[in-house]
Amino acid sequence: MLHAPIRLGMVGGGSGAFIGAVHRIAARLDGEFQLVAGALSSTPEKARASAQALGIARSYDDFAAMARAEARRRDGIEAVAIVTPNHMHAEPAITFLKRGIHVICDKPLTATLAEARKLAKVAGRSDALFILTHNYTGYPMVRQARAMVAAGDLGALRLVQVEYAQEWLTEAAEKHGSKQAEWRTDPARSGAGGATGDIGTHAYNLACFVSGLTPEALAADLSSFVPGRALDDNAHVLLRFAGGARGMLWASQVAPGNENGLRLRLYGEKGGLEWAQEDPNRLWFTPFGEPRRLVTRNGAGAGPEAARVSRIPPGHPEGYLEAFANIYAEAARAIRARRTGEAPPAGTIYPTLADGLAGMRFVEACVRSSQRNAAWVTL
């Protein structure tokens, strides 16, 4: 059945913004959304120029004016993508939720745990949906791994190993004109976590999403290796999960030779799984005592959970943009179901505000633990 595209607005993501362009590609990949309005920059001139360059019909000088005007229009936006730095997530999200407009927000949820809790209260009173773009949960083989764990293919889980290693902040890029580095290393805009909040939350979310386990406590050693850097650029975190499983998380942006090295390994009583974001169409499964098996996207061994978020035949790679688009596609299913008061189609999965709160509790606990010489703290 054909549907008219969902009318979408965007806050942030003007000219030169990496993640804004990613969201726009993801939103239009399946034809589910049409970007019709935006407050693309805090500088009005840049916002208007960006909107004109992108062919966006309605440009606003600020998000509050956009929320007011769009809520009054019969053809106003139904959802808004928030793609600003972390400190500008909470206020726009709250503003649009109060007007009944669905929110699709980049991660992490907010800059601080206090902001996250305030946002959660507003979201709890709103009829609008809140979707958080932890996009790695959209990869088909991540869905496959989650299904295999839930089916008991690994038995009771014992070990969860996750890492996200990058090299791009090995030097003080924030002092040499990199706008991305400037805000991501600034506590006022990024929040209390550097690498912990930027990529550590991705690793943490992925580990929890696939394993289905609930973390209870952690011990974190955060480091700022680059002289003068205000936030951590490396994190080593030990995790204790409910039920007795143990985990380790490493997040680093000062690891030369690593571009986007997100990697997850899970081990249980009956076997192990391994997945790497830079080779995303392959999942390695090793039953205990047997040779390692390769499971490929839409290939032998893959199940319906992977197939429903795949677009092309086996052997043709799908990657980052397609995974991001899967989050938008799931959001579209949920939004269309909300229109009619029905439940979303079976299997619809997207990161929620609860996942965002969990990420903010993770960052807060890591900072608290590290300040206590890596002492164990509860989550």
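Heads up: the structure comes first, above all this text.
Residues numbered from 1 in each chain as written. Predicted model: local features only at pLDDT ≥ 70, side-chain atom pairs only at ≥ 80, totals over all residues. Heavy atoms only, no water.

Undergrad: It is not clear to me how the overall build of the protein should be interpreted in this structure. Could you clarify?
TA: Scanning the protein from terminus to terminus reveals 12 helices and 15 strands. Counting only C-alpha atoms, the protein reaches 60 × 55 × 40 Å along its principal axes. Of all 379 residues assigned to the protein, the portion counted as buried reaches 54%. For the protein, the proportion of contacts with a sequence separation of at least 24, taken over those separated by at least 6, is 68%. Total accessible area computed for the protein in this model is approximately 16,400 Å², and 52% of it derives from carbon and sulfur atoms. Computed over 43 positive and 37 negative side-chain charges, the inter-centroid distance for the protein is 5 Å. (Helix = DSSP H or I, 4+ residues; strand = E, 2+ residues; numbered from the N terminus. Buried < 20%, exposed > 50% of the residue type's maximum accessible area, 1.4 Å probe, protein only. Contact = heavy atoms within 4.5 Å. Areas by Shrake-Rupley, 256 points an atom, 1.4 Å probe, with all protein chains shown as cover. Lys, Arg positive; Asp, Glu negative; His and termini not counted. Charge placed at Lys NZ, Arg CZ, Asp CG, Glu CD.)

Undergrad: What should I look at first to understand a positive patch on the surface in this one?
TA: Together, Lys98, Lys118, Lys121 and Arg125 make up a region of like positive charge exposed at the surface. No other element matches helix α5 (residues 113–125), which puts three residues into the positive patch. Looking at the element boundaries, Lys121 is found in helix α5. (Patch = residues over 30% accessible without salt bridge, like charges linked within 9 Å, V, L, I, M, F, W, Y side chains within 5 Å. Salt bridge = Lys/Arg side-chain N within 4 Å of Asp/Glu carboxyl O.)

Undergrad: Hey, could you run me through the pattern of salt bridges in this one?
TA: Think of it this way: side chains of opposite charge can pair up when their charged atoms draw near. Within this structure, the stated rule accounts for 20 salt bridges. Here Arg189 and Asp186 are joined by a salt bridge, their closest N and O atoms 2.9 Å apart. A salt bridge links Glu274 to Arg263; its shortest N-O distance comes to 2.7 Å. Taken together, the residues span a long stretch of sequence, with Glu274 in strand β12 (residues 271–276) and Arg263 in strand β11 (residues 261–268) at a distance of 11 residues.

Undergrad: Explanation requested: the pairing of strand β8 (residues 215–223) in the structure shown.
TA: Walk down a regular strand and you will see the side chains alternate between the two sheet faces. Counted residue by residue, β8 has seven buried out of nine residues, so it is predominantly covered. Pairing geometry for β8 and strand β9 (residues 234–241), over eight bridges, is antiparallel. Looking at β9, one finds that Ala220 is bridged to Val237. Where β8 meets strand β15 (residues 377–378), two bridges bridge the pair, whose relative direction is antiparallel. Its bridge partner being in β15, Leu218 is matched across the sheet by Val377. (Pairing = 2+ DSSP bridges.)

Undergrad: Would you explain a nonpolar patch on the surface in this entry?
TA: Residues Leu238, Met248 and Trp376 make up a contiguous nonpolar surface patch of roughly 270 Å² in combined accessible area. The residue Trp376 is located in the loop between α12 (353–371) and β15 in this model. Taking the relative accessible area as the measure of exposure, Trp376 reaches 35% and is therefore partly exposed.

Undergrad: In this structure, what is going on with the environment of Pro351? I would like to understand it.
TA: Tracing the backbone through its elements, the reader meets Pro351 in the loop between α11 (320–340) and α12. The buried category is assigned to Pro351, whose relative accessible area is 4%. Here the alpha-carbon distance between Pro351 and Ala331, two residues 20 residues apart in the chain, equals 9.5 Å. Those residues within four positions of Pro351 in sequence are excluded, and the remaining contacts are Phe130, Ile131, Leu132, His134, Thr137 and Ile327.

Undergrad: Looking at this model, I keep getting lost on the layout of surface pockets. Mind explaining?
TA: Unoccupied space between atoms shows up once a probe the size of one water molecule is rolled over them. By volume, the largest pocket is sized at about 1,200 Å³. If you trace the largest pocket, you find 47 residues lining it, with Ala17, Ile19, Gln180, Trp183 and Arg184 closest to the centre. Elements with a contribution of two residues or more to the lining of the largest pocket: α1 (18–28), α7 (179–184), α9 (195–211) and α11. Residue contributions to the lining of the largest pocket peak at five residues, all from α7. When its residues are assigned to classes, the lining of the largest pocket shows 18 nonpolar, 18 polar and 11 charged. (1 Å grid on protein atoms, 1.4 Å probe; cavity = no way out; pocket = protein on both sides within 12 Å on 5 of 7 lines; lining within 4 Å. Points joined across faces, edges and corners; volume = space filled by probe spheres on them. Nonpolar A, V, L, I, M, F, W, Y, C, P; charged D, E, K, R; others polar.)

Undergrad: Can you help me understand empty space enclosed by the protein in this one?
TA: Inspection of the entire model under this criterion finds one cavity of 30 Å³ or more. Its volume calculated, the largest cavity comes out at about 40 Å³. Of the residues that constitute the lining of the largest cavity, the class distribution is five nonpolar, six polar and no charged.

Undergrad: Please explain the packing of α5 against α12 as it appears in this structure.
TA: Two quantities define a packed helix pair, namely the angle between the axes and the distance from one axis to the other. Between α5 and α12, the shortest axis-to-axis distance is 9 Å and the interhelical angle comes to 165 degrees. Here α5 lies roughly antiparallel to α12, going by the angle between them. Crossing geometry of α5 relative to α12 is assigned as left-handed. Two secondary-structure elements touch here, α5 through Leu113, Ala116, Arg117, Leu119, Ala120 and Ala123 and α12 through Leu353, Leu357, Met360, Arg361 and Glu364. A class-by-class count of the residues in the contact of α5 with α12 yields eight nonpolar, no polar and three charged. (Axes fitted to C-alpha atoms, helices over the stretch in contact; angles between N-to-C directions. Parallel < 35°, antiparallel > 145°, perpendicular 65-115°, else oblique. Left-handed = near helix turned anticlockwise from the far one by under 90°.)

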